[in-house]
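Listed below, chain by chain, are the residues.
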Amino acid sequence: MRAILRGMRALCEAGAAQGGEAAPGFEALLSSVDWEAAPATESDVIKSDVIKSDAIKSDAAEPPPNPPTVERYLAAACEASSPPGSPAGDLAEALAASGHQLRWKDMYAEYDDEPDMAVFRRAYAYTLLVGPEAPFRSQRVKVGVTLQGPDVLYPPHAHKAKELYAVIGGTAEWKRGIEPWTARPPGDFVLHPSGVRHAMQTSAEPVLALVAWISDIHSTVVIVRG
Ligand SMILES: [Fe+2]
């Protein structure tokens, strides 16, 4: 867990240093997380069902199994990263070593009657590491890792939260607003301003990415149709 958090911090530092449009967001994110804090204790973490869903795995708590997506694609996504010694590569190495011990969950059960979302959600998993109810507590930001399997579309969606991504492993096509689809390799940084629709399309490789919400962390995701 510590190595993963260290890797996330280093990748965010790279995002702040690269000077692009996402840099100010990564600077804000870095100052919003107590990176030296101890994780919530296991007793804190399993106090409620809500918290339990985002908590560190514990044999004693008999956590639910990870979504099949994690077993299927986590290792391949880590292998599709940059070499160790780069921020993305180092984080991929940490996630390859112990990422399966995190508590991952699937998403969007409420969309299961929509065919494209049903396909997508069976190839997608998410783990929250920093947030109000996450192992590392923050009331200001949410930081996690997303995993999307190959050959699947994350349909266009939007949210009030201002969002940052940093690609850890795998190259996918990303779309933001009316901009063209853009291939983003490991080490790329992405800013999704508040309310701007965005989508991701994988092909041969799965994609693994750090994701952070740095405003409006209690807003909801809306799948955009039409
Ligand atoms: Fe998003």
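Let me begin by describing the structure that accompanies this report. For every chain, the first residue of the written sequence is number 1, and numbering continues from 1 onward in sequence order. In keeping with the predicted nature of the model, local features appear solely for residues at pLDDT of at least 70, side-chain atom pairs appear and are counted solely at 80 or more, and the whole-chain, interface and lining totals rest on all residues.

### Details of the packing of helix 1 (residues 2-17) against helix 2 (residues 23-32)
How we decide: Only the stretch in contact is used when a helix axis is fitted, and all axes are lines through C-alpha atoms; the angle between N-to-C directions ranges over 0 to 180 degrees. The secondary structure listing takes helices from DSSP runs of H or I that are at least 4 residues long and strands from runs of E that are at least 2 residues long, numbered from the N terminus. Here the angle decides the label: under 35 degrees means roughly parallel, over 145 means roughly antiparallel, 65 to 115 means roughly perpendicular, and every other value means oblique. If you view the pair so one helix is near and one far, a crossing is left-handed when the near helix is turned anticlockwise from the far one by less than a right angle, and right-handed when it is turned clockwise. Throughout, a residue-residue contact means that the two C-beta atoms, derived from backbone geometry, are no farther apart than 7 Å.
Relative to each other, helix 1 and helix 2 sit at 140 degrees, their axes nearing to 7 Å. Our classification of the angle between helix 1 and helix 2 gives oblique. Both helix 1 and helix 2 take part in a crossing whose hand is left-handed. For the pair helix 1 and helix 2, contact is made by Cys12, Glu13, Gly15 and Ala16 and by Ala23, Phe26, Glu27, Leu29 and Leu30, respectively.

### Quick word on the environment of Val167
Put simply, the test is: Three exposure classes are used. Buried residues have 20 or more other C-beta atoms within 10 Å of their own C-beta, exposed residues have 12 or fewer, and partly exposed residues fall in between, all C-beta atoms being placed from the backbone.
Along the chain, Val167 falls in strand 5 (residues 163-169). Look at Val167 and you get buried, because 25 C-beta atoms sit within 10 Å. Once the C-alpha coordinates of Val167 and Ala96 are considered, the two residues, 71 residues apart in sequence, prove to be 15 Å apart. Among all residues touching Val167, those that are not within four sequence positions of it are Ala88, Arg184, Pro185, Pro186, Gly187, Asp188, Val207 and Ala209.

### A look at the environment of Thr146
Mapped onto the secondary structure, Thr146 falls in strand 3 (residues 142-148). In sequence terms Thr146 and Ala125 are 21 residues apart; their C-alpha atoms lie 5.9 Å from each other. The residues touching Thr146, leaving out its near neighbours within four places in the chain, are Tyr126, Ala209 and Val211.

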